[in-house]
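Close look at the chain arrangement
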Amino acid sequence: MKTKILMVCLGNICRSPLAEGILASKLNAAKFEVDSAGTAGYHVGELPDRRSIATAKQYGIDITNQRSRKFIKNDFQKFDYIFAMDQSNYSNMVSLAETSEDRAKVHLMLNQISPNSNSEVPDPYYGGDQGFENVYQMLDEACGIFAEKIS
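Below, the structure is looked at part by part. Just so it is clear, the model here is predicted, and its values are computed rather than measured.

Brief notes about the overall build of the protein
- In terms of helices and strands, the protein carries six helices and four strands.
- Across the protein, helices and strands are ordered from the amino to the carboxyl terminus as β-α-β-α-α-β-α-α-β-α.
- Over its C-alpha atoms the protein spans a radius of gyration of 14 Å, differing by no more than 12% from the 15 Å that the globule rule assigns to 151 residues.
- Dimensions of the protein, computed from C-alpha atoms along their principal axes, come out at roughly 40 × 30 × 30 Å.
- Considering the protein as a whole, with its 151 residues, one finds that 47% of them fall into the buried category.

Printed below as a string of structure tokens:
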């Protein structure tokens, strides 16, 4: 049975699709399944942001087949690990959790780099194209650390 991992941000069109693509590229697809979702339903069915797609492509990662979806309570049963990109998403997911086991599945992504720091993945839109590159680099480091832990 595959270990299932979910990457979550607000809209599921910039940070979480990048995180999904990066982590999936670091794990054995026969053993792991990676998906992404958003805590808000703003972009359901949409492609990732064109800048996320372009940034991922620079590193040989194709995220063009991803489609935005909303995080739902059933995700707690479906996934073994759930990573939030920022504190507000983390709080939203924890508030939806009905059990301590569900709450224990939820983690802040950048805590992989700096445990217990409660660091957040910044919104790439504030930095233009460089913002997407900076976010990619942070996610790549965090995903690399996590991939080593579970592989």
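There is more to say, and it comes next.
Observations concerning unusual backbone geometry
- Positive phi outside glycine occurs at Asn116, with the angle close to 60 degrees.
- Positionally, Asn116 belongs in the loop between strand S4 (106–108) and helix H6 (128–150).
- Not every positive phi belongs to a glycine, and Asn118 is a case in point at roughly 55 degrees.
- By relative accessible area, Asn118 is classed as partly exposed at 44%.

Details of the nonpolar core
- Membership of the largest hydrophobic core comes to 27 residues, with the highest contact counts inside it found for Ile5, Met7, Leu23, Leu27, Met85, Met109 and Leu139.
- Sorting the residues of this core by element identifies strand S1 (3–9), helix H1 (15–26), strand S2 (32–38), helix H2 (50–58) and H6 as the ones contributing at least two each.
- Apart from the residues lying within four places of it in its own chain, the contact partners of Met7 are Ser16, Ala19, Glu20, Leu23, Val34, Asp35, Ser36, Ala37, Phe83, Met85, Met109 and Cys143.
- If you look at the next biggest cluster of nonpolar residues, it comprises 12 residues, including Leu6, Val8, Val106 and Leu108.

Examining the sheet that holds S2
- Taken in spatial order, the four strands line up as S2-S1-S3-S4 in an open sheet, and their pairing is parallel. Among the strands making up the open sheet, the edge pair consists of S2 and S4. Across the sheet, the mean angle separating the axes of adjacent strands is 25 degrees when strand polarity is ignored.
- By the bridge criterion, seven bridges tie S1 to S2 in an arrangement that is parallel. Its bridge partner lying in S2, Leu6 is registered against Asp35.
- Relative to S4, helix H4 (residues 87–96) is tilted by about 170 degrees, and along the sheet it contacts S1, strand S3 (81–84) and S4.

Some remarks on the packing of H2 against H6
- Axis separation between H2 and H6 bottoms out at 10 Å; the angle between their running directions is 55 degrees. The orientation of H2 with respect to H6, classified from their angle, is oblique. Two packed elements cross with a definite hand, and for H2 against H6 that hand is right-handed. Contacts between H2 and H6 pair Arg51, Ser52, Thr55, Ala56 and Gln58 from the former with Asp129, Phe132, Glu133 and Tyr136 from the latter.
- Broken down by class, the residue content of the contact of H2 with H6 amounts to three nonpolar, three polar and three charged.

Analysis parameters
- Residues numbered from 1 in each chain as written.
- Predicted model: local features only at pLDDT ≥ 70, side-chain atom pairs only at ≥ 80, totals over all residues.
- Heavy atoms only, no water.
- Helix = DSSP H or I, 4+ residues; strand = E, 2+ residues; numbered from the N terminus.
- Rg over C-alpha atoms; globule rule 2.2 N^0.38 Å.
- Buried < 20%, exposed > 50% of the residue type's maximum accessible area, 1.4 Å probe, protein only.
- Core = buried A, V, L, I, M, F, W, Y, C linked by side-chain atoms within 4.5 Å.
- Contact = heavy atoms within 4.5 Å.
- Pairing = 2+ DSSP bridges.
- Axes fitted to C-alpha atoms, helices over the stretch in contact; angles between N-to-C directions.
- Parallel < 35°, antiparallel > 145°, perpendicular 65-115°, else oblique.
- Left-handed = near helix turned anticlockwise from the far one by under 90°.
- Nonpolar A, V, L, I, M, F, W, Y, C, P; charged D, E, K, R; others polar.

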